[in-house]
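One-letter residues, chain by chain:
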Amino acid sequence: MTDSSTGWQNWSGSQRHAATVRYPRSVDDVQALVTRAVAAGRQVRAVGTGHSFVPFWTDDAIVSLDHFAGVHAVDLSRAEATIGAGTKLHDLGPLLWAQGLSLPQQGDIDRQSIAGAIGTGTHGTGKSLQSLSNLVRSMRLVTADGRLRELHHERDADLLAAACVAQGTCGIMLDVTLALAPAFNLHERTWECGYDECAERWVELVNTNRHFEFFWTPATDRCDMKVLNRTDAGPARLGESEYIAPAWEAFPSDRDIRFNEMEYSVPYADGWACFVALRERFLKDFPRLPWPIEFRTLAADDLPLSTAQGRDTITLSVHQGAERDWRPVFEAAEAIFRTFDGRPHWGKLHSLRAADVAALYPRFDDFRSARTTLDPSGVFLNDYLRRLLVG
Ligand SMILES: Cc1cc2nc3c(=O)[nH]c(=O)nc-3n(C[C@H](O)[C@H](O)[C@H](O)COP(=O)(O)OP(=O)(O)OC[C@H]3O[C@@H](n4cnc5c(N)ncnc54)[C@H](O)[C@@H]3O)c2cc1C
């Protein structure tokens, strides 16, 4: 085990801790860490790359699985691979590509760890595509009793479904076996247009592209549109805003300027109305905001705490520069999201408590029952998560 005691902060700088970050090198290290914390009544919180904005962590113990990285096994007949929990998505892409495999979808960036991305239901865009958490076929994790457990999608369906979108509250993941796609290239095209054109075309673009999203910016009242589609053609630059590349290269973008973010998922049928309400409010109250609202689609699934549980979804994200107070913009947006039965992205800022979660998630009790089975003492809960998931 190695330690780093220089303190820790997340990507946006919104969360800071003095805790020593522990870097276990073996399963024994992880088990010893958890067992000691339970005995001492201290909290243990896993960290990926800290690309979440919410207070997931603790001054007690922060555990990084950086040494549990890489592709451990590949089953090409099933298009599955077993991947270390601390593997960064930007490393995973080329590793899978070398095996003839790709993640079927990815989000805007590839800086996250696979365990961190799974733990918050990280997603990309696509009407028929679910979040990365839905790819998990099995998971090995150390639970609160210090045991190494393997949860399998057939044998332990309920526990695994809960542990996938668990925000680190069901145990410390060591590795996951994921259902993947044969390696594929993507053809990306981007363009800018006015709000009216976007309003007229978004349904057609959602229905005719594997991936469609747009970013609407209050300060310009214009939309940056983006479509991505699978292609058998090889990598090529086709123009200033059009190219073909391996999926792992095409999915992510650079995000060099730090920001904070709130994202809510609303039922697909209400997504446009919710966006229109946000646009009206932002043009009235934040007309010079240079940060966009991002509009994406996500297919329904059945993971208890997935924001798309039981419903096709539109996700809407709002942003504010990391150096600015995010409250005015995010509080205005959240009031609108809540009127559309919005469910917050677990890695992004929100103000929900357990009673709100219970009202929004029909399978919340399934999650709670699985979590208490895997962590009866609450060693993986901090105060924030206790308020959110226990009440
Ligand atoms: C610039 C930027 C762009 C983003 N783009 C998208 C996007 O396109 N789509 C989207 O859905 N989200 C997006 N996000 C959010 C991001 O994907 C999630 O917050 C994700 O959880 C971050 O992964 P991470 O590795 O940094 O995990 P962290 O933020 O470090 O941790 C996230 C959660 O996972 C848990 N965890 C981490 N490792 C383990 C482990 N080994 N065992 C158990 N639990 C663990 C943590 O305890 C925590 O609860 C973005 C965030 C940023 C900053």
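The present account deals with the structure reproduced in this document. The model shown is predicted, which means the values in this text are computed figures rather than measured ones. (Residues numbered from 1 in each chain as written. Predicted model: local features only at pLDDT ≥ 70, side-chain atom pairs only at ≥ 80, totals over all residues. Heavy atoms only, no water.)

Take the overall build of the protein chain next. Check the secondary structure of the protein chain and you find 11 helices and 22 strands. In terms of overall dimensions, the protein chain is globule-like: its C-alpha atoms have a radius of gyration of 20 Å, near the 21 Å expected for 391 residues. Along the three orthogonal principal directions, the C-alpha set of the protein chain runs to about 60 × 45 × 40 Å. Burial analysis of the protein chain (391 residues in total) assigns 59% to the buried set. Sequence separation of at least 24 residues holds for 71% of the intrachain contacts in the protein chain that already meet a minimum separation of 6. Carbon and sulfur atoms make up 46% of the accessible area of the protein chain, which amounts to about 15600 Å² in all. Within the protein chain, the 51 negative side-chain charges are centred at a point lying 4 Å from the centre of the 41 positive side-chain charges. (Helix = DSSP H or I, 4+ residues; strand = E, 2+ residues; numbered from the N terminus. Rg over C-alpha atoms; globule rule 2.2 N^0.38 Å. Buried < 20%, exposed > 50% of the residue type's maximum accessible area, 1.4 Å probe, protein only. Contact = heavy atoms within 4.5 Å. Areas by Shrake-Rupley, 256 points an atom, 1.4 Å probe, with all protein chains shown as cover. Lys, Arg positive; Asp, Glu negative; His and termini not counted. Charge placed at Lys NZ, Arg CZ, Asp CG, Glu CD.)

Looking now at helix α5 (residues 195-208). Because each turn of an α-helix spans 3.6 residues, side chains separated by three or four positions end up pointing in the same direction. Between its terminal C-alpha atoms α5 stretches 20 Å, which fits the 20 Å expected from 14 residues at 1.5 Å a residue. At R201, α5 shows its strongest bend, of approximately 50°. Within α5, the full set of buried residues consists of Y195, C198, W202, L205 and V206. Taken together, the buried residues of α5 touch β14 (185-194), β15 (211-217), β16 (222-231), α7 (271-285), β20 (293-298) and β21 (313-321). (Expected span 1.5 Å × (residues − 1). Bend = angle between axes of the 7 residues up to and from the residue.)

On to the site of the ligand, then. By nearness alone, 36 residues border the ligand, and A46, G48, H51, S52 and D108 come closest of all. G50 has a polar backbone atom sitting 2.9 Å from an oxygen atom of the ligand. Starting from 960 Å² of accessible surface for the ligand in isolation, the protein chains cover 99%. Only β5 (45-47), α3 (114-119) and β12 (172-179) provide two or more residues apiece to the shell around the ligand. Domain assignment of the residues forming the shell around the ligand places at least three in each of domain 1 (71-182) and domain 2 (185-351). (Near = heavy atom within 4 Å. Polar contact = N/O pair within 3.5 Å; in protein donor to acceptor, adjacent residues only side chain to side chain. Domains from an automatic or database assignment.)

Here four strands make up an open sheet; going across it, the order is β1-β4-β6-β5 and the pairing mixed. Of all strands in the sheet, those with a lone pairing partner are β1 (2-4) and β5, marking the two edges. The sheet shows a mean angle of 30° between the axes of neighbouring strands, taken without regard to direction. Judged from the two bridges that link them, strand β4 (residues 21-23) and strand β6 (residues 62-64) form a sheet pairing that is parallel. Of the residues in β6, the one forming a bridge with R22 is V63. (Pairing = 2+ DSSP bridges. Axes fitted to C-alpha atoms, helices over the stretch in contact; angles between N-to-C directions.)

Across four bridges, strand β7 (residues 71-75) lies against strand β8 (residues 80-84) in antiparallel orientation. For V71, the partnering residue across the bridge sits in β8 and is I83. Once β7 ends, the chain turns through four residues before running back antiparallel as β8, passing A79 with a positive phi of about 55°.

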